[in-house]
Amino acid sequence: MVEIEAAHDVLILGSGLAGLRAAVEAARVSNDELDIAIISRVQLMRSHSVCAEGGTAAVMRPEEGDSLELHAWDTVRGSDFLADQDVVKLFVEESPKELIQLDHWGIPWSRRPDGRMNQRPFGGHSFDRATFAEDKTGFFEMHTLYDTLQKYAGVTRYDECYVTSILIDNGVFQGLTVWNLTTGQFFLIRGKALVIATGGACRMFGFTTYSLTATGDGAAMAYRAGIPLKDMEFVQFHPTGLIPSGILITEGARGEGGYLINNKDERFMERYAPSKMETAPRDIVSRSEMTEILEGRGFSRPDGLDYLHLDLRHLGAQKINERLPLIREVTIKFAFIDPLEQPIPIRPAAHYFMGGIHTDIEGATPVEAIWAAGEAACVSLHGANRLGANSTAECLVWGRITGEKATRYAMGQKSLPDVPPQRVQEEEKRLFEQIGHGNGSEDVYVIRAELQRMMDHNVAVYRNGPDMEEALKKIRELKQRIKHVKVKDQSRIYNTNLLAIVEVINLLDLAEVIVAGGLARTESRGAHSRRDFPNRDDDNWGKHTLAYYTPEGPRLDYIPATITMWQPVERKY
Ligand SMILES: Cc1cc2nc3c(=O)[nH]c(=O)nc-3n(C[C@H](O)[C@H](O)[C@H](O)COP(=O)(O)OP(=O)(O)OC[C@H]3O[C@@H](n4cnc5c(N)ncnc54)[C@H](O)[C@@H]3O)c2cc1C
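Residues numbered from 1 in each chain as written. Predicted model: local features only at pLDDT ≥ 70, side-chain atom pairs only at ≥ 80, totals over all residues. Heavy atoms only, no water.

### Regarding the domain arrangement of the protein chain
Parsing the protein chain into structural domains produces domain 1 (5–234 + 354–411), domain 2 (239–348) and domain 3 (421–537). Listed by partner, the interface residues are 21 residues for domain 1 and 29 residues for domain 2. Overall, the association of domain 1 and domain 2 removes approximately 1900 Å² of surface from exposure, summing both partners, and the carbon and sulfur fraction of that is 54%. By the criterion of area lost to domain 2, the three top residues of domain 1 are E53, D135 and F207, representing 35% of everything that side buries. In this structure, the connection of domain 1 to domain 2 is made through 1 salt bridge. Salt-bridge contacts for E256 lead to R120; the nearest nitrogen and oxygen are separated by 2.8 Å. (Domains from an automatic or database assignment. Contact = heavy atoms within 4.5 Å. Buried area = accessible area lost by both parts, 1.4 Å probe. Salt bridge = Lys/Arg side-chain N within 4 Å of Asp/Glu carboxyl O.)

### Looking at the sheet that holds strand 10 (residues 229–230)
With mixed pairing, 5 strands are arranged side by side in an open sheet as 17-15-10-18-19. In the strand order of this sheet, the two ends are held by strand 17 (377–378) and strand 19 (555–560), each with one partner. The sheet contact formed by strand 10 and strand 18 (residues 543–548) spans 2 bridges and is antiparallel. Pairing of K230 across the sheet is with L546, part of strand 18. (Pairing = 2+ DSSP bridges. Helix = DSSP H or I, 4+ residues; strand = E, 2+ residues; numbered from the N terminus.)

### Some remarks on the environment of V87
If you trace the backbone, V87 turns up in helix 3 (residues 85–104). Given the relative accessible area of 2%, V87 is considered buried. Taking C-alpha positions, V87 is 11 Å from T359, a pair spaced 272 residues apart along the chain. For V87, the contacting residues outside a window of four places in its chain are I361, V379, S380, L381 and W398. (Buried < 20%, exposed > 50% of the residue type's maximum accessible area, 1.4 Å probe, protein only.)

### Regarding the site of the ligand
As a structural note, the neighbourhood of the ligand is formed by 39 residues, with S47, H48, S49, E375 and T392 the closest of them. Between an oxygen atom of the ligand and a main-chain N or O atom of A18, the distance comes to 3.0 Å. Between the ligand and V163 there is a distance of 2.9 Å, counted from a nitrogen atom to a backbone nitrogen or oxygen. When the ligand sits alone it has 1000 Å² of accessible area, and the protein chains cover 97% of it. Residue assignment for the shell around the ligand shows that the elements contributing at least two residues are helix 1 (17–30), strand 7 (161–169), helix 5 (217–224), strand 14 (344–353) and helix 11 (390–411). When residues in the shell around the ligand are grouped by element, the largest group, 4 residues, is from helix 11. Looking at the shell around the ligand residue by residue, the class counts come to 17 nonpolar, 17 polar and 5 charged. (Near = heavy atom within 4 Å. Polar contact = N/O pair within 3.5 Å; in protein donor to acceptor, adjacent residues only side chain to side chain. Areas by Shrake-Rupley, 256 points an atom, 1.4 Å probe, with all protein chains shown as cover. Nonpolar A, V, L, I, M, F, W, Y, C, P; charged D, E, K, R; others polar.)

### What about the packing of aromatic side chains?
Here the structure, examined in full by the defined rule, presents 13 aromatic pairs. Judged by centre distance (6.3 Å) and plane angle (10 degrees), the ring pair of F91 and W398 falls under stacked. With F91 in helix 3 and W398 in helix 11, the pair connects residues that are 307 residues apart, well separated along the chain. Taking the relative accessible area as the measure of exposure, W398 reaches 1% and is therefore buried. A ring pair is formed by W541 and Y558, whose centres lie 5.3 Å apart and whose planes are at 75 degrees; its orientation type is edge-to-face. Here W541 is found in helix 16 (residues 538–541), whereas its partner Y558 is found in strand 19, with 17 residues between them in sequence. Taking the relative accessible area as the measure of exposure, W541 reaches 9% and is therefore buried. Residue classification places Y558 among the partly exposed residues on the basis of a relative accessible area of 23%. Aromatic rings pair up to connect W73, F81 and W566 into one cluster. (Phe/Tyr/Trp six-rings, centres within 6.5 Å; stacked < 30°, edge-to-face > 60°.)

Dropping the structure here:
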């Protein structure tokens, strides 16, 4: 049971792939001598990572032609030359070790007839290197980490505990304020070190592949606490969100040979990426789809969710049932179509944040004793566009690195920080009185819907200056309006009404950073594609955006991208 005030040596905020991997490493490194806590707003295994479908990228078959250099080149080219190349090098070297480690911990990888791990093609990779477990890769990876965690005694779980702020004093981490959603208690957890692994924020969009809990809380809290966010303008749109829900149809479906078809029955990718076709990188495929739709070669729907077809029929029942059973099940249940018999209706859906909390190559943030890993972080692996299957691998690699770094740091600290009680009381008052007693005329669900509709329309696959100006205006209007919401539920237990308000406050802060960064970046690169500035501009924009919180809005600054191996060249597939 949760105490009113708690303290642990290492705090892991988030129990997705990055958080669980960090926790296992922290427990292993400290050999059960340190006290470790995992705090998660959902039950531990309900993190979005269980939804990862298609695979995890790593070089596992050098003898068949793959190489670390090739994986690095694919990642750098995919990033439109904004990835930090020293980070990419570390990543490709470490990810095979992580997959073998998972194998030793017992993950049921899909295998080839000779018993070796199987790998499938994925977008932008020039070798079949997405290692997979059916089309439920994240689910099996999460279970394997969870099982492994059971070996360690020194780990305390705070499930369904929602963190509302990160406390920092004099540039050093102190603790977290936590709302236990199941009991209503509000309390402080002090810690010597923190790993933030809170995932992405795609729920600021309406049409998205993400879980309802992907509201960017960790990034927003870090930002308000003074940690800069990096490269937030780069939001990935996945080419195949299922109509009308947005549920993901894995890139593995195209990796296994699925076709994208327009209303003229053409495999239109021939026009845009003749050598890679359907397995070109996601930014390119999503733009191609939007061009088809905008030029009238899509299928229209009254709700405006115009779409294209993903055709799997030629793959045959055996392959679909063996390799893509989830895709078949989801399509039958949510689109009432059997992909054995009919093509699947899809369109680009908001899917991933390349940006996040600014860290160095070891996952350290600029604040002492705070690390960040996984989708919440921006270690600058993906640059302006992430390759499919590189994210789960990133979570494992930097989960391990940050878990170890944070633990070693905590081992060197004699005492826990002191936190003055009034800091916790102030936060409790902000949450339950200032926000929680709101009695204005605004409705948070209306504000959320307006934000999502606007982001879907103004800050999507194609962008331009006037649309983003309008977006910024709208975000600032919504930030004012949310101060006047009416809170209908006054309880502290499972108060999803109050929770929705806190989430939307977070989403609005992050949306503002995305749009401000996007407006400033007068070029097109990776997922940031501007009609009014259609070319990449390496001389002026081969650099990362940093956004610092100020009450008036983000202050932007820039740092160079690290180029060690390859100078930028034209990106063609
Ligand atoms: C449908 C889908 C399929 C995907 N398929 C693939 C794939 O095949 N290959 C690939 O590489 N990538 C894939 N991705 C991307 C990848 O899965 C994610 O980027 C990755 O799993 C994110 O992991 P994470 O650990 O960073 O965060 P998450 O798994 O999102 O976990 C976030 C954690 O933070 C906690 N948290 C957040 N806010 C708070 C708060 N305020 N208080 C307390 N706890 C909080 C949550 O409870 C949760 O435990 C896919 C993504 C989706 C949505």
